[in-house]
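# Understanding the architecture of this molecule
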Amino acid sequence: MPIMYNTGDWFTLQPNTYRKFDLHTPDWPLDLDLEYMKVVCAPYGGPIAVTRDPQQIVPIKGTAKPVIRIFDTAGQELCKIWWNHGKLVSMGWSDMEELICVQDDALVFIYDIFGQEKESYSMGQEASLTKILDAKIFQSSTGTGVAVMTTNGRIFLKHNNTKDFRSRLLPEVPKSSSECTCWELVTEDRNSYCLLGRDREIIKLFPGESLGSITRNLIDKSFERILLIAVSYDHQNLALYTNTGVLWMGNVDMKEKYCEFDTGRKDIPKQIEWIMNADKTGSDAVVIAYPSFLLVVNRNGDKNLFTYDNAIYLVSEMDGVRILTHNSHEMIQKLPKCVQNIFAINSQEPSSFLFEAQKKFQEKSYQADEYLSLFRDRVDAAVDECIEAAGYEFCTITQKSLMRTSYFGKGFIASHNPDKHVQMLRILRVLNTLRHPRIAMPLTIKQFQHLKPEVILARLVFRKHYAIAIQVAKHLKLPESWILEHWAFHKVMNDKNDNEVARKITEKFKNPSIEGISFCNIAEKAYAAGRDELAIKLLELEPRAFLQIPLLLKLGKYDRAVQSATQSGDTELVASILMEIKKKMMLTNFHMIIREYPMALNIYKKIMNEWSRTALYDIYNTEDDHKSIAEYHFKNALESDSLESNLPIIANSYTQGRRNVEAELCSDTNKLMKLQKALTNKYTSIYGHIPFYGLSVHSTIEKLLELGEMKEAEKVKNDFKVPERRFWWLRIISLSNKYKWDDLEKFSKSKKSPIGYEPFVEVCLKQNNLTEARKYILKCREDRKSYWYIRAGLYDEAADTAYDQKDFNTLYILQQKANTTGNRQLLEKINTYIAVLASKK
């Protein structure tokens, strides 16, 4: 069915259809004339580098010093590079959008798109000595490479992305009286090799071989020499152009020839580029740029001609060829199948019917239903094809029509998944934004999908389009924190007002929806730029204290580093920071810092307690911590077995620390140790070896009582103010252990017992002496007698006492015991007592 819509830019090279459509026309500066310039364009809508062509004679305006000007695709000048080096031989763009410039002494300079020199290197001493005749910048699987041809015909290669800084020398060119007229680089897997044109032959220089191989008789038609070599973007196809205007097309290994085409032109083309298919299935045609027209030729020898008024420059892309002139910016590409299915005349595809049905529906025509009836069982395929076609279109009106058609069609699908539709809307919005002259990145959807959104965001950020980058990230649901960080880096490097920079960064980063922001990264950038005060201000904004510490140490802000470490609560972090700071400053200053932070001080003390006692003593001394000094001496004295000699020092430290109790204890301990020494010497001569040394006051008295030295024991008791109750206990235990029951009885009658008489009962029972125990039970309190009678097993006496005291509970306990033991006489007695007491209630 006929659909006359958007097909005016189509042209046919049998059996395929191509299209040439406008991109945004550049607005070049008035002083720029591309006709007299060397122009190199980066792929994927990248920047354009322009410098005067030294081979053309033109009037010089202003300075004669070479200048490289870099523009975006909208003609906006990004920077100027004043060339202060040697003779510039060639330049080109890397896959990272870096401008690579090669000069005749084999030096290579790399610049960013804003003219900042990033690095430089040499292609080698041999290349430098023989001088460079020409250079090529090429793309390979390992990244961007540089190839140079010296004046003696040798070729050197180097890949910028490899760590090897040496260049590789390709095989020697077979000797001949003729010079090479053209050359090109080809990448095959991980190897890059060179093809050279010389007279009627092609020379292949493959790495690892000693001499290049020659291929002849490729072209059947008459010619004298090959003038141009062109390799397709995917390095699979080769085109050769001769001095007689014959174009040879074939695969890159030259084993298959597609066609030979006689252009009929005697003038030399400026460029030849292959048109890559949008679906990356290969290349079927080449574009030949002459000074004033373009010739497009396909594999079958079919052609099309386009005329231009001025200089033409071709940019090979992964899905077509861009055409840049002073007045236009266009693209030629093979027509995508989905676009052809929709808009081709007399198309019978479901997507074409759906597009027409949607138009009729908008016109409120009944014919919409007639079109729908033609493909109702294939609506889903038609919708998908409309969505896909919208991605290939640069015209926003066409995009809207196709997306409106897909939206209309999905209403006739019962269980349609809208993800494709929504995703394409997002991508189109991003693509249209990138194509705007302000951004000037005219990407196709295939280029967008190949680069990935992350790379495109990185390129926007590098161009300082921060606001657009953030909006694109939000739209594609990608992280935006790193974009803000780059914006902050830019502020740090360019805004000299510290307070203003800190304020702006705080305002931008205060959005709670933004995660992953690190003020420390920005502070690190400020520190690298020599702006220490700004770095400190930014560090104060970092909520995660542990991230601040590395930079604080670099800045020499040790007190803040300790503060941040303690605030984090991480003891291991605090310990590592303290050890790091201790190495970098005087010990007194270090002590002054950590004494302000109790947690850090305690951790340091703990570390030093294990590693260095001397350092621990130093910090105690610095703090006038006399209690800790005393404990330090005490611990050392115990470990060195010199406690007695150190006790006066320890007591003095406790006294200075106003620890009177501890000081008094040290004095008493010292007095006790001297006493024990004397006692050991005194009684060892009498009783043999008697060790008193190291015993407590309690044990010392106990030992004296065992020896029967009552007077000495009482003296120790009085000297060390041992309580009377304790002394009585010791005396009772000592007499019972020796079975001196008479002495025990005398002792009990010597005066009123300060501990009562129950201890007497207990020691007697311990020695199983019931006779003596009865004596002392009688002296116990009335309410405790029954208990001790039961403990002694004197149940009759216990029953009598309980009856006298009317103690039912004890009687019940005795009743249970009588039952258990089977003592009927006792049981009857208890039952009688219980009955009598119960009757008196």
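Residues numbered from 1 in each chain as written. Predicted model: local features only at pLDDT ≥ 70, side-chain atom pairs only at ≥ 80, totals over all residues. Heavy atoms only, no water.

As annotated in an unreviewed UniProt entry, the protein carries the name Vacuolar protein sorting-associated protein 16 homolog and comes from Glossina pallidipes. You can read under Function (unreviewed entry) in the UniProt record for the protein the words "Plays a role in vesicle-mediated protein trafficking to lysosomal compartments including the endocytic membrane transport and autophagic pathways. Believed to act as a core component of the putative HOPS and CORVET endosomal tethering complexes." Its UniProt record gives the protein the following Sequence similarities (unreviewed entry) comment, quoted word for word: "Belongs to the VPS16 family." (UniProt positions renumbered as here; feature names shortened; annotations may be inferred.)

## Considerations on the sheet that holds strand β16 (residues 191–198)
Pairing in this open sheet of four strands is antiparallel, and the strands run β15-β16-β17-β18 from one edge to the other. Two strands in the sheet have a free side with no partner beyond their single neighbour: β15 (182–188) and β18 (213–216). Averaged over all pairs of adjacent strands, the angle between their axes in this sheet comes to 25°, without regard to strand direction. Where β16 lies against strand β17 (residues 201–205), five bridges are found, and the strand directions are antiparallel. (Pairing = 2+ DSSP bridges. Helix = DSSP H or I, 4+ residues; strand = E, 2+ residues; numbered from the N terminus. Axes fitted to C-alpha atoms, helices over the stretch in contact; angles between N-to-C directions.)

## A short note on empty space enclosed by the protein
Summed over all chains, the structure comprises two cavities of 30 Å³ or more. Taken as a whole, the largest cavity spans an internal volume of roughly 40 Å³. Forming the walls of the largest cavity are Leu23, His24, Thr73, Ala74, His329, Arg435, Ala440 and Pro442. Looking at the lining of the largest cavity residue by residue, the classes come out as four nonpolar, three polar and one charged. Space inside the second largest cavity adds up to approximately 40 Å³. Around the second largest cavity sit Arg19, Asp319, Gln333, Tyr392, Phe394, Thr444, Ile445 and Lys446, which together line it. A class-by-class count of the residues in the lining of the second largest cavity yields three nonpolar, two polar and three charged. (1 Å grid on protein atoms, 1.4 Å probe; cavity = no way out; pocket = protein on both sides within 12 Å on 5 of 7 lines; lining within 4 Å. Points joined across faces, edges and corners; volume = space filled by probe spheres on them. Nonpolar A, V, L, I, M, F, W, Y, C, P; charged D, E, K, R; others polar.)

## A closer look at a negative patch on the surface
A cluster of acidic residues, Glu188, Asp189, Asp253 and Glu256, forms a negative patch at the surface. Exposure remark for Asp189: the relative accessible area of 68% places this residue in the exposed category. (Patch = residues over 30% accessible without salt bridge, like charges linked within 9 Å, V, L, I, M, F, W, Y side chains within 5 Å. Areas by Shrake-Rupley, 256 points an atom, 1.4 Å probe, with all protein chains shown as cover. Salt bridge = Lys/Arg side-chain N within 4 Å of Asp/Glu carboxyl O. Lys, Arg positive; Asp, Glu negative; His and termini not counted. Charge placed at Lys NZ, Arg CZ, Asp CG, Glu CD. Buried < 20%, exposed > 50% of the residue type's maximum accessible area, 1.4 Å probe, protein only.)

## Things to note about the nonpolar core
Membership of the largest hydrophobic core comes to 99 residues, with the highest contact counts inside it found for Leu460, Ile505, Phe509 and Leu578. Ranked by the residues each element gives to this core, the list is headed by helix α5 (residues 379–392), at eight residues. Not counting the four nearest positions on each side in its chain, Phe509 is found in contact with Leu484, Glu485, Trp487, Ala488, Ile517, Phe519 and Ile522. Listed in part, the 35 residues of the second largest apolar core include Trp728, Ile732, Trp741 and Tyr789. (Core = buried A, V, L, I, M, F, W, Y, C linked by side-chain atoms within 4.5 Å. Contact = heavy atoms within 4.5 Å.)

## Considerations on the environment of Cys338
Within the fold, Cys338 resides in helix α2 (residues 337–343). Non-local contacts of Cys338, meaning those with residues more than four positions away in its chain, are made with Glu385, Glu388, Ala389 and Tyr392.

## Here we look at the side chain of Thr242
With respect to the helices and strands, the residue Thr242 is situated in strand β20 (residues 237–242). For Thr242, a relative accessible area of 0% translates into the label buried. Setting aside anything within four residues of it in sequence, one finds Thr242 in contact with Ile219, Phe223, Arg225, Ile226 and Leu227.

## Notes on the pairing of strand β6 (residues 77–82)
Relative to β6, strand β5 (residues 67–71) runs antiparallel, the two being bridged by five bridges. Bridging from a neighbouring strand, Val67 pairs with Trp82 of β6.

## Overview of the domain arrangement of the protein
Split into domains, the protein comes out as domain 1 (32–153), domain 2 (345–416), domain 3 (417–478), domain 4 (479–543) and domain 5 (546–613). Summarising the inter-unit geometry, the C-alpha centres of domain 2 and domain 5 are found 71 Å apart. (Domains from an automatic or database assignment.)

## A few points about the pattern of salt bridges
Evaluated as defined, the whole model comprises 31 salt bridges. Taking the shortest distance from any N to any O, the salt bridge between Glu172 and Lys175 comes out at 3.2 Å. The exposure class assigned to Glu172 is partly exposed, which follows from its relative accessible area of 29%. Taken together, the salt bridges that share partners define one network made up of Glu745, Lys749, Glu772 and Lys775.

## Some remarks on unusual backbone geometry
Peptide bonds are, in most cases, trans, and in most cases residues other than glycine have a negative phi. A cis geometry characterises the amide bond from Gln14 onward to Pro15, with omega recorded as 5°. Tracing the backbone through its elements, the reader meets Pro15 in the loop between β1 (10–13) and β2 (16–22). Unlike most non-glycine residues, Lys364 shows phi in positive territory, near 60°. As for its position among the elements, Lys364 is in the loop between α3 (350–362) and α4 (367–373). In this structure, Lys452 is a non-glycine residue whose phi angle is positive, near 80°. Along the chain, Lys452 turns up in the loop between α8 (445–451) and α9 (453–462).

## Some points on the sheet that holds strand β7 (residues 88–93)
Think of a sheet as strands paired side by side through backbone hydrogen bonds, with each pair either parallel or antiparallel. As summarised here, the arrangement of the four strands in space is β7-β8-β9-β10, forming an open sheet in which the pairing is antiparallel. One side of each edge strand has no neighbouring strand; the edge strands of this open sheet are β7 and β10 (117–122). Strand-to-strand twist across the sheet, computed as the mean angle between neighbouring axes with direction ignored, equals 20°. One ladder, built from four bridges, connects strand β8 (residues 99–103) with strand β9 (residues 107–111); its direction is antiparallel. Each residue of the ladder has a partner; that of Ile100, found in β9, is Ile110.

## Section: the side chain of Asn251
Looking at the secondary structure, you find Asn251 in strand β21 (residues 246–251). Among the polar contacts listed, one links the side chain of Asn251 to the side chain of Asp253, at a separation of 3.0 Å. Once residues lying within four places of it in the same chain are set aside, the contact partners of Asn251 are Gln236, Asn237, Leu238, Glu256 and Tyr258. (Polar contact = N/O pair within 3.5 Å; in protein donor to acceptor, adjacent residues only side chain to side chain.)

## With respect to the packing of helix α24 (residues 697–707) against helix α25 (residues 710–719)
Contact pair α24 / α25: the axes reach a minimum separation of 8 Å and the direction vectors enclose 165°. Classed by the angle they form, the pair α24 and α25 counts as roughly antiparallel. Handedness of the crossing formed by α24 with α25: left-handed. When α24 is examined against α25, the residues Val697, Ile701, Leu704 and Leu705 are found in contact with a partner set consisting of Met710, Glu712, Ala713, Val716 and Lys717. Classifying every residue of the contact of α24 with α25 gives seven nonpolar, no polar and two charged. (Parallel < 35°, antiparallel > 145°, perpendicular 65-115°, else oblique. Left-handed = near helix turned anticlockwise from the far one by under 90°.)

## Let's talk about helix α13 (residues 519–528)
Every α-helical turn comprises 3.6 residues, leaving residues that sit three or four positions apart pointing alike. Turning to α13, its buried residues number three or more, namely Phe519, Cys520, Ile522, Ala523 and Ala526. Taken down its axis, α13 places every buried residue within 160° of arc, on the same side. Two residues or fewer after α13 comes Gly530, characterised by a positive phi angle close to 80°. (Arc of directions from axis to C-beta.)

## Topic: the packing of helix α17 (residues 571–584) against helix α18 (residues 587–594)
Between α17 and α18, the shortest axis-to-axis distance is 8 Å and the interhelical angle comes to 145°. Classified by chirality, the crossing of α18 by α17 is right-handed. The residues of α18 that touch α17, namely those facing Leu578, Ile581 and Lys582, are Leu587, Phe590 and Ile594.

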